[in-house]
Amino acid sequence: MAVVMMAGAYGAPATAATQAGTLAVTAAGQAKGQAYTRAALLALPQRRTVTLAVDPEHIGPQVEAVPLAAVTGSGTTPDVLRLEAVDGFVAELPMDTVTTAAGYGVQPWIAIEDPVRPWHSAQGEDLGPFVLVWVGGNAGRIGQEQWVDRLVSIQGETSAIARWPGLGLPATLPRSDPAWQGQTLFLSDCMPCHRLNDNGTADKGPDLGLPVNAVRYLTPAGFHALVRNPRALRHWPAARMEGFPPAALSDADIDAIHAYLARLDKGTPLQ
């Protein structure tokens with residue numbers, strides 16, 4: 001099988017935690033989990049060598065890997081897996097996505113860095129020691145925010161809406177409203193780096209609802225431009241956001257996210 005490797009929307013310098021070589025895995029409802037070292041993962045019987053078909057200069061061309069299911073176990077299935085990276089990136093991986101992906105021959109795997117050959121991005125950033133990748137010929141169908149480098153913890157959780165009801169749209173909103181699609185996209189593509197009205201845990205990017213909702217200072221056209229090419233609109237030395245190409249988010253998708261943010265606008269006026 002081939003792996004298609006996709007980078008997340010942000011990058012960050014390496015820290016001491018990225019070098020620790022430990023992956024914490026906690027089942028849903030448990031306060032304490034299990035910590036896997038490189039050696040422990042490599043000792044699992046499900047380990048295999050994976051050949052990367054795309055971006056081999058980042059972590060390939062061949063890496064050792066174990067299926068995600070090998071560490072998440074066979075107990076109660078959570079609604080989502082919360083995948084946290086050392087740099088503050090927090091992806092919410094719905095188990096429905098894993099099930100759907102399996103239907104077209106794609107599975108999530110944890111790639112394990114060889115410390116003798118450390119992984120770095122094209123910009124020289126440390127990507128190790130663990131990277132969540134997707135294996136299978138159709139792996140490119142997986143959204144770019146569900147490929148996680150610098151992975152340090154995996155937590156079984158209830159859905160994001162259950163944990164943060166403030167992210168949910170009103171039940172009375174017609175299902176034909178594009179904001180519903182925007183909600184789904186926000187949870188998968190924006191929430192890994194942004195909070196909304198202080199809902200969520202990511203801190204790589206600003207809260208898109210506080211102190212003022214982004215739709216109050218970003219027109220639909222401006223929002224499109226920011227999502228496509230952030231550095232074309234604003235840039236400072238610490239800026240880390242990369243743009244989303246049409247293959248990752250269509251124009252209709254961006255419109256839907258804008259509509260979702262507008263629905264959750266608290267009405268705070270511009271000062």
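The notes below deal with the structure included here. Fair warning: this is a prediction, and the values are worked out from it, not measured in the lab.

## Observations concerning the overall build of the protein
The secondary structure content of the protein amounts to nine helices and 10 strands. Split into buried and exposed, the 271 residues of the protein put 50% on the buried side. When contacts within the protein are restricted to residue pairs at least 6 apart in sequence, those whose partners lie at least 24 apart make up 64%.

## Some remarks on unusual backbone geometry
Backbone torsion omega between Gly 128 and Pro 129 reads 10 degrees, so that peptide bond is classified as cis. Tracing the chain through its elements places Pro 129 in the loop between β8 (107-112) and β9 (130-135). A positive phi angle is found at Asn 197, which is not glycine, with a value near 55 degrees. Relative to the helices and strands, Asn 197 is located in the loop between α6 (179-190) and α7 (220-228).

## Overview of the pairing of strand β6 (residues 80-85)
Most of β6 sits out of view: five of its six residues are buried. Sheet analysis places β6 next to strand β7 (residues 90-94), joined by five bridges and oriented antiparallel. The residue of β7 that forms the bridge with Leu 81 is Leu 93. Hairpin geometry of β6 and β7 is characterised by an intervening segment of four residues between the two adjacent antiparallel strands and by a positive phi of about 100 degrees at Gly 88. Here six bridges tie β6 to strand β10 (residues 151-157), and the two strands are oriented antiparallel to one another. Residue pairing for β10: Val 80 is matched across the bridge by Glu 157.

## What about the sheet that holds β7?
Read from one edge to the other, the open sheet built from five strands follows the order β3-β2-β10-β6-β7, with strand pairing classed as mixed. One side of each edge strand has no neighbouring strand; the edge strands of this open sheet are β3 (34-37) and β7. Geometrically, the sheet is characterised by an average inter-axis angle of 20 degrees between neighbouring strands, direction not taken into account. Its contacts with the sheet put helix α4 (residues 95-103) on β6 and β7, and the angle it makes with β7 is roughly 60 degrees.

## So, the packing of aromatic side chains
Each aromatic ring pair is summarised here by two numbers: the centre-to-centre distance and the angle between the ring planes. Tallied over the full model, the rule gives one aromatic pair. Ring geometry for Phe 186 versus Tyr 260: centroids 5.4 Å apart, planes at 45 degrees, classification tilted. Separated by 74 residues along the polypeptide, Phe 186 in helix α6 and Tyr 260 in helix α9 (residues 251-263) bring together distant segments of the chain. On the accessibility criterion, Phe 186 (0% relative accessible area) is buried. The aromatic ring of Trp 109 is capped on one face by Arg 48, whose charged end is 5.4 Å from the ring centroid. Sitting above the plane of the Trp 180 ring, Arg 175 keeps its charged end 3.6 Å from the centroid.

## As for the pattern of salt bridges
This model, assessed by the stated rule, comprises 13 salt bridges. A salt bridge links Arg 150 to Asp 87; the nearest nitrogen and oxygen atoms lie 3.9 Å apart. Taken together, the residues span a long stretch of sequence, with Arg 150 in the loop between β9 and β10 and Asp 87 in the loop between β6 and β7 at a distance of 63 residues. Looking at Arg 150, the relative accessible area reads 2%, which means it is buried. When the shortest N-O distance is used, the salt bridge between Asp 265 and Arg 216 registers 2.9 Å. Of this pair, Asp 265 sits in the segment after α9 while Arg 216 sits in the loop between α6 and α7, and the two are 49 residues apart along the sequence. A residue is classified by how much of its surface remains accessible, and Asp 265, at 23% relative accessible area, is partly exposed. Overlapping salt bridges bring together Asp 87, Glu 125, Asp 149, Arg 150 and Lys 204 as one network.

## Digging into the nonpolar core
Leu 41, Val 71, Leu 83, Ile 110, Trp 134 and Ile 154 are the most contacted members of the largest nonpolar core, which totals 43 residues. Ranked by residue count, the leading element in this core is β9, at six residues. If you look at the next biggest cluster of nonpolar residues, it comprises 30 residues, including Leu 187, Leu 196, Ala 256 and Leu 264.

## Details of the environment of Gly 156
For Gly 156, the location among the structural elements is in strand β10. When the C-alpha positions of Gly 156 and Leu 83 are compared, they lie 9.0 Å apart, and in sequence the two are 73 residues distant.

Cut-offs applied
Residues numbered from 1 in each chain as written. Predicted model: local features only at pLDDT ≥ 70, side-chain atom pairs only at ≥ 80, totals over all residues. Heavy atoms only, no water. Helix = DSSP H or I, 4+ residues; strand = E, 2+ residues; numbered from the N terminus. Buried < 20%, exposed > 50% of the residue type's maximum accessible area, 1.4 Å probe, protein only. Contact = heavy atoms within 4.5 Å. Pairing = 2+ DSSP bridges. Axes fitted to C-alpha atoms, helices over the stretch in contact; angles between N-to-C directions. Phe/Tyr/Trp six-rings, centres within 6.5 Å; stacked < 30°, edge-to-face > 60°. Lys NZ or Arg CZ within 6 Å of the ring centre and 35° of its normal. Salt bridge = Lys/Arg side-chain N within 4 Å of Asp/Glu carboxyl O. Core = buried A, V, L, I, M, F, W, Y, C linked by side-chain atoms within 4.5 Å.

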